[in-house]
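Here is how the chains run, residue by residue.
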Amino acid sequence: MAERPAAEIAVPSNDPKEKKKEEDKKLDTKANGVKDEEEELSEEDAQLKSELEMLVERLKELNTDLYRPALETLRTLIRTSTSSMTSVPKPLKFLRPHYPGLQELFETWPASENKSLFADILSVLAMTYSDTEPRGTLRYRLLSASLLPPTSKISEPGSWGHEYVRHLAAELGEEYTIRQEGEEAVPLPAPEADSDAPKSKPAPVSGTIEDLHNLGSECATFFLGHNAEPDAVDLFVELEIVDRIASLVDANTFGRVCAYMDRCITLLPPPDDVTFLRTIHKIYLQFSKFPEALGVAIRLNDAALIRQDFNASGNPVMKKQLAFLLARAQIPIEWLKASASEDADAEDEFPEDIQDCLSNTQLSRHFKEFGKEVGVADPKSLEDVYKSHLETTRSGLSANVDSARANLAGTFVNAFVNAGFGNDKLMVEAEEGNSWVYKNKDHGMMSAAASLGLGLLWDTDVGLSHIDRYTYSPEEWIKAGAFFATGLLNAGVRTEADAALALLAEHVDNQSVPLKTAAIMGLGVAYAGSHREDLLTLLLPAVADDGVSMEIAALSALALGFVFVGSGNGEITSTILQTLMERDDKALDEKWGRFMALGLALLYVGLQDASDATLETLKAIQHPISRQAQILVEVCSFVATGNVLRVQRLLHLCGEHLDALKEKEQAESAEGKKDENKDEKKEDKKPDDTFQSFAVLGIAMIAMGEDIGAEMSMRQFNHLMHYGDPIIRKSVPLALGLISASNPQLPVLDTLSKYSHDHDLAVALNAIFAMGLVGAGTNNARLAQMLRQLAGYYYKEPDCLFMVRIAQGLVHMGKGTIGINPFFSDRNIMSRPAIAGLLATIMAFTDAKAFVLDKYHWMLYFLVTAMYPRFLITLDENLESKPVTVRVGQAVDVVGQAGKPRTISGFQTHQTPVRLGTTERAELATEEFIPYAHVLEGFVILQKNPGWEKEDTMQM
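Residues numbered from 1 in each chain as written. Predicted model: local features only at pLDDT ≥ 70, side-chain atom pairs only at ≥ 80, totals over all residues. Heavy atoms only, no water.

> A description of the packing of aromatic side chains should follow, citing residues and the corresponding values.
Taken as a whole and assessed by the stated rule, the structure comprises 30 aromatic pairs. Between the aromatic rings of Phe 254 and Phe 287, the centroid separation amounts to 4.3 Å while the plane-to-plane angle is 10°, which identifies the pairing as stacked. Here Phe 254, found in helix H13 (residues 254-264), pairs with Phe 287, found in the loop between helix H14 (272-286) and helix H15 (290-300); they are 33 residues apart in sequence, far enough to count as distant. Relative accessible area serves as the criterion here: at 10%, Phe 254 is assigned to the buried category. Taken together, the aromatic side chains of Phe 412, Phe 416, Phe 484, Phe 562, Trp 592, Phe 595, Phe 851, Tyr 856, Trp 858, Tyr 861 and Phe 862 make up a single cluster linked through ring pairs. Stacked on the ring of Tyr 129, the Lys or Arg Arg 96 has its end atom at 4.3 Å from the ring centre. Sitting over the face of the ring of Phe 421, Lys 815 holds its NZ or CZ atom 3.9 Å from the ring centroid. (Phe/Tyr/Trp six-rings, centres within 6.5 Å; stacked < 30°, edge-to-face > 60°. Helix = DSSP H or I, 4+ residues; strand = E, 2+ residues; numbered from the N terminus. Buried < 20%, exposed > 50% of the residue type's maximum accessible area, 1.4 Å probe, protein only. Lys NZ or Arg CZ within 6 Å of the ring centre and 35° of its normal.)

Here it is as structure tokens:
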């Protein structure tokens, strides 16, 4: 006990007397004001300080003649005081204590030119007080402008330096927000202890909104002149006058401004994103950048703009390049022709070469030449794809695999792998009577015959003669397959003969169901995205007719969705809505309901708010299908916008656990043991969770447009996989496949590989198919290896093995030359028919047992609208192939970076034609040619650079 007081004695580190002295000293210096500081100042600083103080005193004297020179001197001193970027300029530091006094003095002066100059100087000093007096800089700046006589002009904000302009821009944004939302919206900073109490409430800023806008324009002009394009755009966004930036940009800055604005679009809420796109479009047109402008018009899906851009260029070669871009986006040719009322004497037909480019008729010829160049023209057999000698199966056990199933899988593999080359051994080149069709049974024959359309893809001349002989087959399934093949063959290619319509139109009303469905879907695929009115009259009656089965009605609706994708066609919308209202519950409960809902949703692809009325109408339908349709319509409207609020809404839907409802039921049934009640509930519950499946796919649809959103959604999918109900877990792999179609990144592959061994076979099946989607047309070796392992793992599960084979076919699609990613032109423009095809195929997998594994495996061919060669072919001005050297590497995002950074990394130099991966970009290796297109992808026409000289002549 005696030791305790000893432990409590604190031992000070310094001598307490010394500490006391120091504290006294501190108090002393505070009392004496700035004595301490003066001792530290160098001679120059002391001189500057005394000079500044003298000038301030002069302003307080009564002699008004001294004001002007004093103010001029002050201004010069502040402007010429350059110090390092990190420290406050000396004059501002020394004048800070005098600021409150100068403010009071300012109020006493009468309005004059001197007072205006005084306000200008105070505006600069206010930067040092911005924490206690917000928006002082802006207030004095506007006062200074208002005090000037109309003859003289206020100095540019830039004359005070970059920091001042940035400060002013920040305060402009704040002030504008406060004025828009009312004073209470922005909380004032709490007054600090040492500042005077009355100063805490800032004086109101004078000037109208128009004054703020004009000052904003001045600041933006300064930013644009000093390589700060993003700052200029941000300021205009805050002031809500983005459209005015078009008048400020010049030939040096417009590219960087547009690039930055383009990257902002996915982060903006609607209607701002459309305003941005229209502004970018206006700027590009201003500088005659037609391909860029047309690309923006396609993203806006605005027929009038597309026509105007296409006709804006007088150069016929440029027109051909624009035609290639339109053909890739599958824009209806009718949009380019002026309607009769607008322009009576406009030419009705385009010149033949431009018509060819628009119709994509040369695609097949160039694709086959490209195959020869890259060395993949020879047909591949199934064994080349499966490489079963590398599989880990135990020999002798594979005999029990259902061979009709294996042959059916072979059909699809052969079709996808040899797509477009028109020389596969099983179908096109098969000898008479030895065709692969006869190795399949019943509905398998339909897919086998239809695979001809894929093998001869885009080759409309030769293709029809090959398919023709199957159309006379006595076997109904083969005939149906041949009809569907006719449709597949014409996908994405327009011909004057309109063969698909001529051959299939009469069979839309055929009595036989297979022939009828094949004709309907054949037309849907062949004319995807063409908005052809004659198909509307042909297919719409089947949707409205109560007498036909739900299957025919739903597929007709889907075919119309394909043809009129993204058109918002009112007639189709109202017919489908009416059908959904009038059909009895039993019909709507069928598995086909989802395709009718999808047909409706496809009409709104990318239309954003235009679908509101339809969504309201759907709410009135008293059936679970209404919920499914609402989700589909909403996600299609906002596809690839990255709209965060919609994603959150979908996540809420995914989070609803329907088990909680079940517990409620049990409580009810315990009260009154009513068996009927139970049965009803059971029936109710069954279709009720399909909407969750669509909600999961919806997250992928909305997030697929930009990388950040896509990456964030991956995490959400991970959570859903852990905590979701079976229906959700089944849909997550499909969503992963959709979000990175033809873009095999390792994290996605690993995740899918994990899911493909899931104990729930439905999840495993979808994961295997998603692996096919992710690797489609990439020949990814790692993925091929994973699939071979899966083939060994599932050798006893016919369904999963069937899926593994199909995935192998997809990975080697077009022998690695065809991709299914819906984005092109540097992943900026979304192809609407491609979205329709991907979504329809994935929709069939939301209930694989009922569709793909049943007799509707031909739905896999819906992918055709998304299949497109991943090549870069350079052409001369006569559209003949012209090999040049290009560098191909991973695309790098260089928006907002200083200077001219490299746009690709890790490049290799190749001779065109060359294959481009989804995330790759190409650039010309020399400056010998100038490309007409802004992105080197697809068909690019080159023009000889007149200023280019060969290196050897330059050395001389």
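> Explain empty space enclosed by the protein residue by residue, including any values.
Within the structure shown, the criterion is met by 6 cavities of 30 Å³ or more. If you add up the space inside the largest cavity, you get close to 330 Å³. What lines the largest cavity is a set of 23 residues, among which Arg 328, Phe 824, Glu 937, Gly 938 and Phe 939 lie closest to the centre. Only helix H17 (316-329), strand S4 (868-869) and strand S11 (938-944) provide two or more residues apiece to the lining of the largest cavity. The greatest single-element share of the lining of the largest cavity, amounting to 6 residues, is contributed by H17. Of the volumes computed, that of the second largest cavity is approximately 100 Å³. Looking at the second largest cavity, it is lined by 14 residues, and the ones nearest its centre are Asn 301, Ala 329, Gln 330, Ile 331 and Arg 832. Residue classes in the lining of the second largest cavity are distributed as 8 nonpolar, 5 polar and 1 charged. (1 Å grid on protein atoms, 1.4 Å probe; cavity = no way out; pocket = protein on both sides within 12 Å on 5 of 7 lines; lining within 4 Å. Points joined across faces, edges and corners; volume = space filled by probe spheres on them. Nonpolar A, V, L, I, M, F, W, Y, C, P; charged D, E, K, R; others polar.)

> Requested: an account of the packing of H13 against H14, with residues and values cited.
Where H13 contacts H14, the axes come no closer than 10 Å and their chain directions differ by 160°. Regarding the angle of H13 to H14, the classification is roughly antiparallel. By crossing handedness, the relation of H13 to H14 is classed as left-handed. Counted together, Phe 254, Val 257, Cys 258, Met 261, Asp 262 and Cys 264 of H13 and Phe 276, Thr 279, Ile 280, Ile 283 and Tyr 284 of H14 form the full contact between these two elements. Looking at the contact of H13 with H14, its residues break down into 9 nonpolar, 1 polar and 1 charged. (Axes fitted to C-alpha atoms, helices over the stretch in contact; angles between N-to-C directions. Parallel < 35°, antiparallel > 145°, perpendicular 65-115°, else oblique. Left-handed = near helix turned anticlockwise from the far one by under 90°. Contact = heavy atoms within 4.5 Å.)

> So, unusual backbone geometry: which residues are in play, and what are the values?
A cis amide bond links Thr 912 to the next residue, Pro 913, at an omega of 0°. In this structure, Pro 913 sits in the loop between strand S7 (904-911) and strand S8 (914-915). Positive phi, close to 50°, is recorded for Gln 608, a residue that is not glycine. Within the secondary structure, Gln 608 sits in the loop between helix H31 (593-602) and helix H32 (612-619). Residue Gln 608 is classed as buried on the basis of its relative accessible area, which comes to 13%. Residue Arg 827 is not a glycine yet carries a positive backbone phi of 55°. Relative to the elements of secondary structure, Arg 827 occurs in the loop between strand S2 (823-824) and strand S3 (829-830). A relative accessible area of 30% means that Arg 827 is categorised as partly exposed.

> Describe helix H12 (residues 229-238), and please don't skip the residues or the numbers.
Residues of H12 that are buried include every one of Glu 229, Pro 230, Ala 232, Val 233, Leu 235 and Phe 236, and no others. Buried positions along H12 lie against helix H10 (162-181), helix H11 (209-225), H13 and H14.

> Outline the pattern of salt bridges, supporting the account with residue identities and numerical values.
For side chains of opposite charge, pairing can occur when their charged atoms come near one another. Tallying each qualifying case throughout the model produces 35 salt bridges. The residue Glu 174 makes a salt bridge to Arg 135 at a minimum N-O spacing of 3.7 Å. Of the two residues, Glu 174 sits in helix H10 while Arg 135 sits in the loop between helix H8 (113-125) and helix H9 (136-147), which places them 39 residues apart along the sequence. Residue classification places Glu 174 among the partly exposed residues on the basis of a relative accessible area of 36%. A residue is classified by how much of its surface remains accessible, and Arg 135, at 7% relative accessible area, is buried. Here Arg 405 ties to Asp 799 by a salt bridge, and the two come within 3.0 Å at their closest N and O atoms. Placement of Arg 405 in helix H21 (residues 403-417) and of Asp 799 in helix H43 (residues 798-811) is noted, with a sequence separation of 394 residues between them. Beyond isolated ion pairs, a larger network of salt bridges with shared partners links Arg 135, Glu 174, Glu 175 and Arg 179. (Salt bridge = Lys/Arg side-chain N within 4 Å of Asp/Glu carboxyl O.)

> Any chance you could break down the sheet that holds S8 for me, citing the residues and the numbers?
The mixed open sheet is built from 4 strands, whose spatial order is S8-S5-S11-S10. Only two strands of the sheet have a single neighbouring strand rather than two, namely S8 and strand S10 (929-931). Judged from the 2 bridges that link them, strand S5 (residues 871-875) and S8 form a sheet pairing that is antiparallel. Paired with Leu 872 across the strands is Val 914, a residue of S8. Where H17 meets the sheet, it contacts S5 and S11, and its direction lies at approximately 165° from that of S11. Packing of helix H19 (residues 363-374) onto the sheet brings it into contact with S5, S8 and S11, and relative to S5 it is tilted by some 105°. (Pairing = 2+ DSSP bridges.)

> With reference to specific residues and values, describe the side chain of Arg 788.
Tracing the backbone through its elements, the reader meets Arg 788 in helix H42 (residues 781-793). A residue is classified by how much of its surface remains accessible, and Arg 788, at 9% relative accessible area, is buried.

> Which residues make up the confidence of the model for the chain, and what values do they have?
On average, residues of the chain score 85 in pLDDT, and 88% of them are at 70 or above. Of all the helices and strands in the chain, helix H36 (residues 675-688) carries the lowest mean pLDDT, 46, while helix H41 (residues 761-774) carries the highest, 96. For residues 184-200, every residue scores under 50 in pLDDT, and the model assigns this stretch 14 contacts once sequence neighbours within four places are set aside. (pLDDT = per-residue confidence, 0-100.)

> Tell me about the sheet that holds strand S9 (residues 920-924), and please be specific about residues and values.
Taking strand neighbours across the sheet as the criterion, the 3 strands line up as S7-S6-S9 in an open arrangement whose pairing is antiparallel. Strands at the two margins of the open sheet, each flanked by one partner only, are S7 and S9. Between one strand and the next, the sheet's axes are offset by a mean angle of 30°, whatever the strand orientation. Pairing analysis gives 6 bridges linking strand S6 (residues 885-891) to S7, with the strands arranged antiparallel. Along S7, the bridge assignment pairs Arg 887 with Thr 909.

> Lay out the environment of Trp 477 with the relevant residues and their values.
Tracing the sequence through the fold places Trp 477 in helix H24 (residues 476-489). Residues Trp 477 and Leu 515, 38 residues apart in the sequence, show an inter-C-alpha distance of 7.7 Å. Every residue in contact with Trp 477, bar those within four places of it in the chain, is listed here: Asp 442, His 443, Met 445, Met 446, Pro 514 and Lys 855.

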